[in-house]
Protein chains: 2
Amino acid sequence: MKTDNITLKDIAKALNLSYSTVSRALKGSYKISEATQLLVKEYAEAHHYRPNLMAQSLKNQKSRCIGVVLCSIPNNFFAEVISGIESIAYSKDYLLIITQNLESYEREVKNLQNLTWRSVDGLLISLSTETEDVSHFQKLHDQGLPMVFFDRVTNAIPAHQVITDNIGGAYQATRHLIERGYKRIATITSSPFLSITRERLEGYNKALTEAGRHLHGEYIQYCPHGGMIIGEIESALHNLLQLPEPPDALLTASDRITIGSYSLIQRKGLLIPDEIAVAGFSNFNAPELFNPPLTTVRQNAFEMGKLATELLIDQVESKRPVSVFEKKVLPTELIVRSST
Amino acid sequence: MKTDNITLKDIAKALNLSYSTVSRALKGSYKISEATQLLVKEYAEAHHYRPNLMAQSLKNQKSRCIGVVLCSIPNNFFAEVISGIESIAYSKDYLLIITQNLESYEREVKNLQNLTWRSVDGLLISLSTETEDVSHFQKLHDQGLPMVFFDRVTNAIPAHQVITDNIGGAYQATRHLIERGYKRIATITSSPFLSITRERLEGYNKALTEAGRHLHGEYIQYCPHGGMIIGEIESALHNLLQLPEPPDALLTASDRITIGSYSLIQRKGLLIPDEIAVAGFSNFNAPELFNPPLTTVRQNAFEMGKLATELLIDQVESKRPVSVFEKKVLPTELIVRSST
DNA sequence: TTGAAAGCGGTACCAG
DNA sequence: CTGGTACCGCTTTCAA
């Protein structure tokens, strides 16, 4: 398109200045006289001058773009995270480049290549369920590309992390189930590679151990694709209900798994919570409208997106390389409803 | 960051060629000997050469970026649209720049400035509820920036449109309510500025008229912010229930309004569908889990995103200016559940 | 068929 | 304080 935007040269010509002067005046460099500075700025303002970002990028090797790596945009949790990311990016004049990998390692790698090719200034990353090897990120990290991990993180790479208190959230939910008197509390969780899986299991186990419960490993079921494939959830549930002593309560460890399980349980005609209670991690908009209203562990996804983006932009704009990395942990909220 | 990417010059130096030759060889220009072409291509391949996009952009005035203008990312409908957009953009090597305006005209304008400043190659647009005047888009359109409108479109600007069969969807849902025997069918709809509002009302009215029903205007309630503000829905509902003859059925015209109304109705203790039936436009993931399961008009949001993006990229890459504009209309799906 | 060089729109270094 | 100029990496015209 022909934006017909005014350029530095145009200003220089109009004002009879060299364009290096104009450039400096515009960024308020102290070596320029007040008078010229004002002159230039006013002219620029009046003519709606905006620096050409492509030129700036080329020169500075900075694009003012942030790359986002995640599994699925329409997933409620991530959609809210993105919204948080956008809110900060907007206010700091960064633009987002969002990629989704649908839980495929291969696509994660390919998306990453695209993003770096685009020379993003930094990366916000939540790993795919298939991702065990993080060397593709490691390589970029070694080259000095700022990155912040959120939600599904890795400790293999020293970087800022923003996560939910997964241990606490799962612990709290499991305790709640114990207190309600449920005896055999099973859990359906995501891929064992994921940090969130490990942490949520830890919370779950902690609550059970504290209560002196010892449950067979069979009460823990994994979905290698995080419930992306509905059959995974189906067979997980099937395995649980097949047990000689089937569970009387279920903790589901992610949005997709929660909805999927709930739906399948209903379809099987099991009564919730009488035959099986359900509590789950979920950022679904309206769990109170469910039948029965669903007990959820809610994460502050919007805040997570905001925090991660703030950390990232700080790092991108920091003069000296960042070497101390923060790990922000956001609290979860257990909302008890009648499914438990 | 230091991507340490190999450049044209590097190749030229290594191969003892001028870099114009290398450039031409790489894009398979016919004026280059087979031999050199092969040589260059192989070397480039082997060394993972990728052209610097910032340089290319600067030179070609093309960024391979698509700007997306919409109201809210976490809104289910739009999240699905974005997913569709991403799927095409990914396959054609375009990147997305997504902005959300939270139904604010002012923010829509500011986002647009950002996008054009970024020199996106094209725009995918769904208007905010506040947008009555589209001159900010018109101006860009006049400058030749390709744009495709989806969902909330305007006829003031000649451009491709991808929409849902809103008339048909609302008509079908309203007919369904009539056939079920409901007498006073009210509707809560979005901002009167929006194309979707007008069309859905048209379908609603058509069904009523065909059935020989004449309803007072009071049975139509608007939410100027599309339900972004919950109070809007509250007062709309309040107005309806206050009527001397309150409605016995309700058609809600958007995702947010549907969920909001459902929730409020429940909170008021009204029985659905006995005291009031509800059917609504919604791309919510699991309306079958609701209590009672919700009758919905579902749109093919993913497909909408895909189609719009295909149209846009075709236009962006077309050699000659496009002058014939398509209007793609996607079918809706009425899924009857027990709320009606 | 290939090479040299201008230029896209900035930034920043070096002189003056 | 200001001007001149090289350069970021690539495309493209003009000459050879």
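As named in an unreviewed UniProt entry, chain A is LacI family transcriptional regulator, taken from Niastella vici.

Q: Which residues make up the protein's contact with DNA strand D, and what are the values?
A: Residues in close proximity to DNA strand D total 28 residues, the closest being Thr21(A), Arg24(A), Leu8(B), Lys27(B) and Tyr49(B). For DNA strand D, the backbone makes up 63% of the atoms found within 4 Å of the protein, where backbone means sugar plus phosphate. Interatomic distance of 3.0 Å between a side-chain N/O atom of Thr36(A) and a phosphate oxygen of DNA strand D. Here a sugar or linking oxygen of DNA strand D and a side-chain polar atom of Gln61(A) are 3.4 Å apart. Here the surface near DNA strand D is composed, by residue class, of nine nonpolar, twelve polar and seven charged.

Q: Let's hear about unusual backbone geometry: which residues, and what values?
A: Glycine aside, a negative phi is what most residues show, and trans is what most peptide bonds show. Omega for the bond connecting Ile272(B) with Pro273(B) falls within 30 degrees of zero, at 5°, which places this linkage in the cis form. With an omega of -10°, the peptide bond running from Asn291(B) to Pro292(B) counts as cis. Despite not being glycine, Asp93(A) shows a phi value in the positive range, around 65°. For Asp93(A), the position within the fold is in the loop between helix 5 (76-91) and strand 2 (95-100). Even without glycine at this site, Leu102(B) takes up a positive phi of about 50°. Along the polypeptide, Leu102(B) turns up in the loop between strand 2 (95-100) and helix 6 (105-117).

Q: Now, about the state of the cysteines: what can you tell me, with residues and values included?
A: Enumeration over the complete set of coordinates arrives at zero disulfides over all chains. Left unpaired, Cys65(A) is separated from the closest cysteine sulfur, that of Cys65(B), by 6.1 Å. The thiol of Cys71(A) is not disulfide-bonded; the next cysteine sulfur, from Cys223(A), is found 13 Å away. On the basis of relative accessible area, Cys71(A) is assigned to the buried category, the value being 0%.

Reading the values: the criteria
Residues numbered from 1 in each chain as written. Chains lettered and ligands numbered in written order. Predicted model: local features only at pLDDT ≥ 70, side-chain atom pairs only at ≥ 80, totals over all residues. Heavy atoms only, no water. Near = heavy atom within 4 Å. Polar contact = N/O pair within 3.5 Å; in protein donor to acceptor, adjacent residues only side chain to side chain. Nonpolar A, V, L, I, M, F, W, Y, C, P; charged D, E, K, R; others polar. Helix = DSSP H or I, 4+ residues; strand = E, 2+ residues; numbered from the N terminus. Disulfide = S-S within 2.5 Å. Buried < 20%, exposed > 50% of the residue type's maximum accessible area, 1.4 Å probe, protein only.

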